[in-house]
Amino acid sequence: MAGQEPPRIEFPCDYPIKVLGRSSENFRRLVFETVERHAPGFDRCRVSMKASRRGKFSSLTIFITATSVHQLQVLHRDLMNTGAVQMVL
């Protein structure tokens, strides 16, 4: 499927973000603070957290109202720069 464009997102939209990192006392707080800077007022009631089988890693699934590709790119960069996040999907 060479040459095919990726699907376009229509903004604003409800957008799920999965954040994975090493489990720690600060992981959730760091992620929430970072997301709040880029998507103020995101619904914390819709956040789900799951620990890995051995508890070494945690994942947070957060829904935000995405307003632009730029917002998503900067949010991704800032989450990775926390030092606590291993991957953002």
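Structure: above.
The structure reproduced in this document is the subject of the present report. These numbers come from a predicted model, not from an experiment.

**Quick notes on the sheet that holds strand 3 (residues 57–66)**
- Read from one edge of the open sheet, four strands run 2-3-1-4, paired in antiparallel fashion. Across the chains shown, the open sheet's two edge strands, defined by having one partner strand only, are strand 2 (48–51) and strand 4 (85–88). This sheet shows a mean twist of 25° between the axes of neighbouring strands, independent of strand direction.
- Two strands pair when backbone bridges link them, and strand 1 (residues 13–22) and strand 3 are joined in this way by ten bridges, in the antiparallel orientation. What sits directly across from Ile17, in strand 3, is Ile62.
- Against the sheet, helix 1 (residues 27–38) makes contact with strand 1, strand 2, strand 3 and strand 4, and its axis sits at roughly 15° relative to strand 3, the strand it touches most.

**Observations regarding the packing of aromatic side chains**
- Evaluation of the coordinates by the stated rule reveals one aromatic pair.
- Its end group placed over the ring of Phe63, Arg46 keeps NZ or CZ at 4.1 Å from the ring centre.

**Points about the pairing of strand 1**
- The pairing of strand 1 with strand 4 spans three bridges and is classified as antiparallel. In the strand pairing of strand 4, Leu20 is matched with Met87.

**A closer look at unusual backbone geometry**
- Along the chain, Phe11 connects to Pro12 via a cis peptide bond; the corresponding omega equals -10°.
- Tracing the backbone through its elements, the reader meets Pro12 in the segment before strand 1.

**Considering the pairing of strand 2**
- Taken together, the four bridges between strand 2 and strand 3 define a ladder with antiparallel strand orientation. Opposite Ala51, over in strand 3, you have Ser58 as the bridge partner.
- From the end of strand 2 to the start of strand 3, which pair antiparallel, there are five residues, and Gly55 there has a positive phi angle of about 80°.

**Examining the nonpolar core**
- Formed by 20 residues in total, the largest nonpolar core has its most connected members in Val31, Val35, Ile62, Ile64 and Leu79.
- The set of elements that each furnish at least two residues to this core consists of strand 1, helix 1, strand 3, helix 2 (69–80) and strand 4.
- For Val35, the residues in contact, after removing those within four places along its chain, are Pro40, Phe42, Ile62, Ile64, Leu75 and Leu79.

**Observations concerning helix 2**
- Relative to the 16 Å expected for twelve residues at 1.5 Å per residue, helix 2 spans 17 Å between its end C-alpha atoms, a close match to the ideal helical length.
- Three or more residues of helix 2 are buried, namely Gln71, Leu72, Val74, Leu75, Asp78 and Leu79. Taken around the axis of helix 2, the buried residues stretch over an arc of 170°, which confines them to a single face. Residues of helix 2 that are exposed and point over 90 degrees away from its buried face: His70 and Gln73.
- The elements touched by buried residues of helix 2 are strand 1, helix 1, strand 3 and strand 4.

The rules behind each value
Residues numbered from 1 in each chain as written. Predicted model: local features only at pLDDT ≥ 70, side-chain atom pairs only at ≥ 80, totals over all residues. Heavy atoms only, no water. Pairing = 2+ DSSP bridges. Helix = DSSP H or I, 4+ residues; strand = E, 2+ residues; numbered from the N terminus. Axes fitted to C-alpha atoms, helices over the stretch in contact; angles between N-to-C directions. Contact = heavy atoms within 4.5 Å. Phe/Tyr/Trp six-rings, centres within 6.5 Å; stacked < 30°, edge-to-face > 60°. Lys NZ or Arg CZ within 6 Å of the ring centre and 35° of its normal. Core = buried A, V, L, I, M, F, W, Y, C linked by side-chain atoms within 4.5 Å. Buried < 20%, exposed > 50% of the residue type's maximum accessible area, 1.4 Å probe, protein only. Expected span 1.5 Å × (residues − 1). Arc of directions from axis to C-beta.

Interpretation in functional terms is not warranted from these geometric data alone.
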